[in-house]
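Here is what each chain is made of, one letter per residue.
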Amino acid sequence: MATITAPAARKTAPPGILARPAARKLLALAVLAAILTPVAVTQWPGTAWPTALTVDVSAPLGRASDWIIDNRDSHPLFLYFFGHVSNAVVVAVRAVYLALLAVGWAGVTAIGALVAWRVAGVRLATGTAAAFLACGLLGMWVPTMQTLALMVVAVLASVAVGALLGLAAGLSDRMDRVLRPVLDTMQVLPAFAYLLPVVLVFGIGVPAAVLATVVYAAPPMARLTSLGLRGADKEVLEAVESLGTTARQRLLTARIPLARKELLLGVNQTIMMALSMAVIASVIGAGGLGDRVYQALASVDVGAALAAGIPIVLLAVVLDRVTSAAGERLGEAGTSPVTWLYALVVAAAVALAGRLAGFLDWPDGWGLNIAEPVNRAVDWMTAHLYSGVPVVGGTADWAAHFTSGVLNPLRDGLQWLPWWSVLLIVAALAWLIGTWRTALTAVLAMAAIGVLGVWKPSLDTLSQVLAAVAVTLAVGFATGVAAARSDRFERLLRPVLDVFQTMPQFVYLIPVVALFGVGRAPAVAAAVVYALPAVVRITAQGLRQVDPAAMESARSLGATGGQQLRQVQLPLARPALLLAVNQGVVLVLAVVIIGGLVGGGALGYQVVFGLAQGDLATGLVAGAAIVCLGLMLDRVTQPTERRTTRKGA
Amino acid sequence: MRPRTTSVLAGAAALALLTGCGAADMTQQASPFANARGARTVTLSVQSWVGAQANVAVAQYLLEHELGYRVDTVQVDEVPAWDALSQGRVDAILEDWGHPEQEQRYVEDKKTITAGGDLGVTGHIGWFVPTYFAKEHPDVTDWKNLDKYADLLRTAESGGKGQLLDGSPSYVTNDRALVKNLNLDYQVVFAGSEAAQITQMQQFAKEKKPFLSYWYTPQWLMEKVPMTEVKLPPYEEGCDADPEKVDCAYPVTPLQKYLNADFAKDGGQAAEFLRNFTWTTEDQNQVSLMIAEKKMRPQEAAEKWVDSHRSVWKKWLP
């Protein structure tokens with residue numbers, strides 16, 4: 001599980017000090033607004049973004065897309081560059097896939113278990129073996145191997161690219177200044193936005209899927225590598241330097257070994273993000289488990305979708321636990337090469353035995369059909385909970401109320417606001433929470449949306465995000481507080497959160513449709529469920545990290561539990577709460593976009609439309625707007641201290 | 001220092017060898033999962049609707065059990081599937097609803113795709129209301145009277161107008177233009193995927209609520225929720241030429257198969273089998289219903305159909 005490390009620093013500003021700079025900022029903004037607004041109003045009246053300020057990019061984009069399709073098999077750029085990239089990916093994925101098939105299911109399970117045993121201990125080794133066997137039992141062995149093959153290649157490439165970028169950023173301050181904002185931004189973008197550009201160049205298929213995954217999964221590796229190199233103990237480095245070592249020796253013998261914890265954390269993050277992307281990339285022909293989920297959803301087969309979803313979750317949990325356990329074990333005594341040798345020999349023996357015994361393909365008879373009972377449960381749910389439940393009303397009624405009572409007013413309100421006032425609000429919020437720089441970025445991102453000519457759908461998407469974030473925060477903070485106050489509750493919650501954080505987003509979509517019908521309400525519901533675990537986690541972690549001394553002194557002053565929470569814990573945990581808001585916003589946006597598949601409309605629909613109709617101009621414009629929206633939302637909610645990691649979204 | 005340079009050079013050379021020196025045409029690269037372990041593999045494109053799954057399930061079953069192929073299926077949307085077919089990442093599309101622009105580009109100009117003949121099923125797109133609603137209000141089946149019922153068909157999503165439910169953005173649709181050009185008091189609401197649309201329609205049907213939906217035949221849902229088509233202004237050749245100005249019904253389309261050109265030439269028995277593959281609307285519906293409504297696995301449904309229709313598929317085998 002990708003954990004989110006809340007900022008450790010606990011400095012807080014008493015309200016008195018904060019008030020003055022805030023007032024100064026608002027005053028400056030008011031002056032600026034007083035000068036610019038009259039100009040804007042007289043020049044471009046009306047509430048929507050003025051058409052005079054838009055640029056139509058769809059025609060040139062359409063021409064570019066046509067040109068690429070027509071020249072893909074003849075232009076040198078494709079023949080000598082992209083063609084080789086694409087070919088290398090195909091050859092690599094194929095090699096891994098064939099190797100996995102050649103080892104057979106018995107061999108793969110044994111090797112997985114033994115590797116887990118060596119790096120993470122006996123418990124995880126049994127877990128790994130059980131997970132692989134479960135994939136087979138669910139009838140998903142071949143798709144699992146396809147996903148695994150794709151993952152292996154994508155993760156290796158991501159780690160290599162990420163480590164190189166991180167090395168550059170870690171060693172050179174100038175590179176760091178250039179790369180940091182780019183990497184920061186890449187981390188907050190919804191996965192969906194990455195799909196279109198690669199499809200434009202590579203077409204549908206595995207190469208595009210792998211490359212999208214690499215682009216998506218490399219940034220955390222780069223960030224953490226750079227962080228690790230920069231965080232190395234200065235004294236140790238000085239000591240090494242005084243020994244007269246060269247720069248290269250210092251890097252190889254001191255700085256990289258000192259940063260290995262961060263490096264492993266980076267690998268862990270990269271794996272998690274690659275897995276979630278590999279599933280989403282089924283939309284562009286990645287094949288494997290994600291494709292099975294996608295196919296099952298086409299016939300409203302929640303059971304079959306779950307049968308493919310469970311292996312994804314199992315893979316995720318196993319990979320996460322094993323890599324993070326490997327990271328924790330680093331400090332202990334090094335594992336001796338002899339046991340590794342034993343492990344290797346045993347694995348080879350099992351693989352060979354499996355081969356001789358014919359245990360290559362998963363046996364046909366060994367299957368568990370979970371699809372039927374799951375579908376029966378879903379049918380029961382729709383039949384009994386959908387509407388007409390006495391007193392509380394059915395879920396469809398709730399959805400209708402939510403749409404007409406919350407989403408519609410919110411959307412109409414946002415679209416009613418004059419465009420310049422939206423920019424002003426964005427500026428004010430971003431400046432209050434962050435610096436003038438974040439405020440400027442946020443305003444420019446919002447303006448870019450207008451210039452692209454997708455102002456209205458973007459505000460529609462924004463209204464969904466706001467509604468979903470509000471619900472997420474209300475529920476998330478309440479649960480987080482409860483988890484922070486009760487150890488037992490947190491222990492109960494932990495596995496639930498783990499599973500929810502790794503489920504592919506696709507699987508959420510159909511049950512919410514079954515419960516809430518089609519429209520924006522189910523998209524919002526899916527987003528809430530998806531973002532909730534991260535918010536709960538960060539809140540609970542932040543509250544628990546509050547200085548025990550402060551709590552002790554509050555208790556000794558006779559504060560009640562509620563008073564402690566309100567007056568000590570919550571104010572002291574303010575950075576963590578802000579981080580929770582930021583994470584919530586970013587994760588909600590990612591799923592609201594995918595909600596385009598269940599009637600969420602707006603930008604998500606345009607991306608889906610672009611992919612589905614091969615109309616890349618529409619899709620790319622919407623994708624760019626999503627990028628801007630993500631940037632704006634992130635900057636507006638950006639806490640003072642930057643997080644180092646995040647969950648794969 | 002020296003050994004490292006050598007190894008870098010060796011690596012580069014190995015990579016060059018591996019990927020082949022000189023030009024690499026990415027439009028000629030097959031799926032990495034194809035032809036694993038020497039098996040003869042066919043990759044079929046499955047579109048998201050169940051009828052297409054039925055075609056593929058039966059073709060896959062026969063290819064695997066009668067001709068000894070290994071079949072991979074990939075779900076791709078309609079238009080991107082043409083691109084994938086042209087690149088050889090899939091070998092065949094078994095059910096195409098008419099994409100003149102792609103046909104011109106890939107079949108006529110680039111010659112990377114060849115026509116594979118009729119599927120035997122005739123498709124038709126239209127606007128449908130549930131039959132229970134049409135019985136109650138017989139005049140709803142003419143588009144001229146639709147405005148009368150806009151109030152009844154209003155939902156939270158349609159913003160004061162009647163709701164015309166549309167499905168996946170990947171499907172062929174003129175509905176936005178139709179609503180505008182016919183001056184109807186309706187709002188097109190896209191469910192976003194066919195799965196979402198079907199779920200929604202079944203919910204309406206369960207409560208006997210009225211709805212108006214973009215739908216098509218053959219479709220298995222017709223058997224579960226009987227629907228009646230709303231008459232739109234009749235289709236005439238060329239009336240849908242300009243997507244912005246369409247004001248007529250959808251045409252009747254004989255569904256087509258398409259094969260990758262290289263596969264058609266070198267695909268041997270598989271290619272011939274796929275060219276021969278034709279069946280009727282009833283046949284397809286039988287399999288679709290088993291998959292979507294009885295929740296059978298596509299392969300089981302195909303097996304059941306194959307067992308009882310030997311005379312139909314015997315003719316397809318090369």
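All values reported here derive from a predicted model rather than from experimental measurement.

**Let's talk about the overall build of chain A**
(1) Moving on: Assigned secondary structure in chain A consists of 27 helices and zero strands.
(2) Moving on: Sequence separation of at least 24 residues holds for 82% of the intrachain contacts in chain A that already meet a minimum separation of 6.
(3) Moving on: Summed over all atoms, the accessible surface of chain A reaches about 26900 Å², with 69% contributed by carbon and sulfur.

**Some thoughts on the confidence of the model for chain A**
(1) Moving on: In this model, chain A carries an average pLDDT of 78, and 88% of its residues clear a pLDDT of 70 or more.
(2) Moving on: Highest mean pLDDT in chain A belongs to helix α5 (residues 141-171) of chain A (89); lowest belongs to helix α1 (residues 15-43) of chain A (69).

**Describing the pairing of strand β3 (residues 92-96) of chain B**
Residues and elements named next belong to chain B.
(1) Moving on: Within β3, five of the five residues are buried, which leaves the element mostly enclosed by the surrounding structure.
(2) Moving on: In the sheet, strand β1 (residues 41-46) pairs with β3 via two bridges, with the strands oriented parallel. Following the sheet pairing, Leu44 is matched in β3 by Ala92.

**Structural notes on the state of the cysteines**
All names here are of chain B.
(1) Moving on: Scanning the model with the defined rule gives one disulfide over all chains in all.
(2) Moving on: There is a disulfide in this structure between Cys239 and Cys248, and the S-S distance comes to 1.9 Å. Every disulfide takes its handedness from the sign of the S-S torsion; for Cys239 and Cys248 that torsion is 80°, giving right-handed. In this structure, Cys239 and Cys248 share a single accessibility class: buried.

**Section: unusual backbone geometry**
Residue and element names in this part refer to chain B.
(1) Moving on: Residue Thr217 is joined to Pro218 through a cis peptide bond whose omega torsion reads 0°.
(2) Moving on: With respect to the helices and strands, the residue Pro218 is situated in the loop between β7 (212-217) and α8 (221-224).
(3) Moving on: Despite not being glycine, Lys111 shows a phi value in the positive range, around 55°.
(4) Moving on: For Lys111, the location among the structural elements is in the loop between α4 (100-109) and β4 (113-130).

**So, the pairing of strand β9 (residues 252-260) of chain B**
All names here are of chain B.
(1) Moving on: For β3 and β9, the ladder comprises three bridges, and the chain directions are antiparallel. Paired with Asp96 across the strands is Gln256, a residue of β9.
(2) Moving on: Examined bridge by bridge, β4 and β9 share eight bridges and lie antiparallel to one another. Across the sheet, residue His124 finds its bridge partner in β9, namely Val252.

**A few points about a nonpolar patch on the surface**
(1) Moving on: A cluster of nonpolar side chains, namely A:Leu27, A:Val31, A:Leu32, A:Ile35 and A:Leu36, defines an oily patch on the protein surface of about 510 Å² accessible area.
(2) Moving on: Here A:Leu36 lies in helix α1.

**Structural notes on a negative patch on the surface**
Residue and element names in this part refer to chain A.
(1) Moving on: Residues Asp233, Glu235, Glu238 and Glu241 make up a contiguous surface patch of negative charge.
(2) Moving on: Inspection of the secondary structure puts Glu238 in helix α9 (residues 234-242).
(3) Moving on: A relative accessible area of 56% means that Glu238 is categorised as exposed.

**Thoughts on the packing of α5(A) against helix α6 (residues 173-188) of chain A**
Residue and element names in this part refer to chain A.
(1) Moving on: For the pair α5 and α6, interaxial distance at closest approach is 5 Å and the crossing angle is 125°. In this view, α5 runs oblique relative to α6, as classed from their interaxial angle. Every residue of α6 that contacts α5 at Leu165, Ala168, Ala169 and Leu171 is listed here: Asp173, Met175, Asp176 and Leu179.
(2) Moving on: Split into classes, the residues belonging to the contact of α5 with α6 amount to six nonpolar, no polar and two charged.

**Thoughts on the packing of aromatic side chains**
(1) Moving on: Evaluated as defined, the whole model comprises 18 aromatic pairs over all chains.
(2) Moving on: Ring centres of B:Trp82 and B:Tyr106 lie 6.4 Å apart, and the angle between their planes is 20°; on these two criteria the pair is classed as stacked. With B:Trp82 in helix α3 (residues 78-87) and B:Tyr106 in helix α4, this pair connects stretches of sequence that are 24 residues apart. One exposure class covers both B:Trp82 and B:Tyr106, and it is buried.
(3) Moving on: When the centroid spacing of 5.5 Å and the interplanar angle of 65° are considered together, the rings of B:Phe277 and B:Trp279 count as edge-to-face.
(4) Moving on: On the accessibility criterion, B:Phe277 (0% relative accessible area) is buried.
(5) Moving on: The rings of B:Phe273, B:Phe277, B:Trp279, B:Trp305 and B:Trp316 are connected pair by pair, giving a single aromatic cluster.
(6) Moving on: Positioned over the ring face of A:Trp117 is A:Arg118, at 4.8 Å from the centre of the ring.

**Thoughts on the nonpolar core**
(1) Moving on: One finds B:Trp127 and B:Leu274 to be the most contacted residues of the largest nonpolar core, which totals 249 residues.
(2) Moving on: At 13 residues, helix α25 (residues 574-594) of chain A tops the list of elements feeding residues into this core.
(3) Moving on: If we skip the residues at most four places from it in the chain, B:Leu274 touches B:Val42, B:Leu44, B:Ala59, B:Leu63, B:Ala92, B:Leu94, B:Lys257, B:Leu259 and B:Phe263.
(4) Moving on: The next biggest cluster of nonpolar side chains, apart from the first, holds 15 residues, and it includes A:Val481, A:Leu493, A:Leu532 and A:Val568.

Conventions used here
Think of each chain on its own: its residues are numbered from 1, step by step along the sequence as written. Each chain is given a letter, starting from A, and each ligand a number, starting from 1, according to the order in which they appear as written. The model is predicted, so local features are restricted to residues of pLDDT at least 70 and side-chain atom pairs to those at 80 or more, both for listing and for counting; the totals for chains, interfaces and linings are taken over all residues. Note that water and hydrogens are dropped before the side-chain values are worked out from all heavy atoms of the structure. Comment: elements are numbered from the N terminus, with helices defined as DSSP H or I runs of at least four residues and strands as E runs of at least two. Pairs of residues are marked as contacts when any of their non-hydrogen atoms sit within 4.5 Å. Note that accessible areas follow from Shrake-Rupley with a 1.4 Å probe, and for residues the cover is restricted to the protein chains shown. On a range of 0 to 100, pLDDT expresses the predictor's confidence in each residue. Three labels apply to residues, based on accessible area from a 1.4 Å probe with only protein chains included: buried if under 20% of the type maximum, exposed if over 50%, partly exposed otherwise in between. Think of it this way: DSSP has to see at least two bridges between two strands before they count as a pair. Cysteine sulfurs are considered disulfide-paired once they come within 2.5 Å of each other. Without a salt bridge and with relative accessible area above 30%, a residue can belong to a patch; like charges are then joined within 9 Å and nonpolar side chains (Val, Leu, Ile, Met, Phe, Trp, Tyr) within 5 Å. Here, a salt bridge means any Lys or Arg side-chain nitrogen found within 4 Å of an Asp or Glu carboxyl oxygen. Asp and Glu count as negative and Lys and Arg as positive, but His and the ends of the chain are not part of the count. To locate a charge, take atom NZ for lysine, CZ for arginine, CG for aspartate or CD for glutamate. Axes here refer to lines fitted to C-alpha atoms; in helices the fit is confined to the stretch in contact. Angles between the N-to-C directions go from 0 to 180 degrees. Small angles under 35 degrees read as roughly parallel and large ones over 145 as roughly antiparallel, with 65 to 115 read as roughly perpendicular and the rest as oblique. Three classes are used: nonpolar for Ala, Val, Leu, Ile, Met, Phe, Trp, Tyr, Cys and Pro, charged for Asp, Glu, Lys and Arg, and polar for all others, with Gly counted as polar. A pair of aromatic rings is counted whenever rings of Phe, Tyr or Trp (Trp by its six-membered ring) have centres within 6.5 Å, and the orientation is called stacked for planes under 30 degrees apart, edge-to-face for over 60 and tilted otherwise. Charges are assigned to positions over rings by a cutoff of 6 Å between ring centre and Lys NZ or Arg CZ, combined with an angular limit of 35 degrees from the ring normal. Here, nonpolar core refers to any group of buried Ala, Val, Leu, Ile, Met, Phe, Trp, Tyr and Cys residues whose side-chain atoms link them within 4.5 Å.

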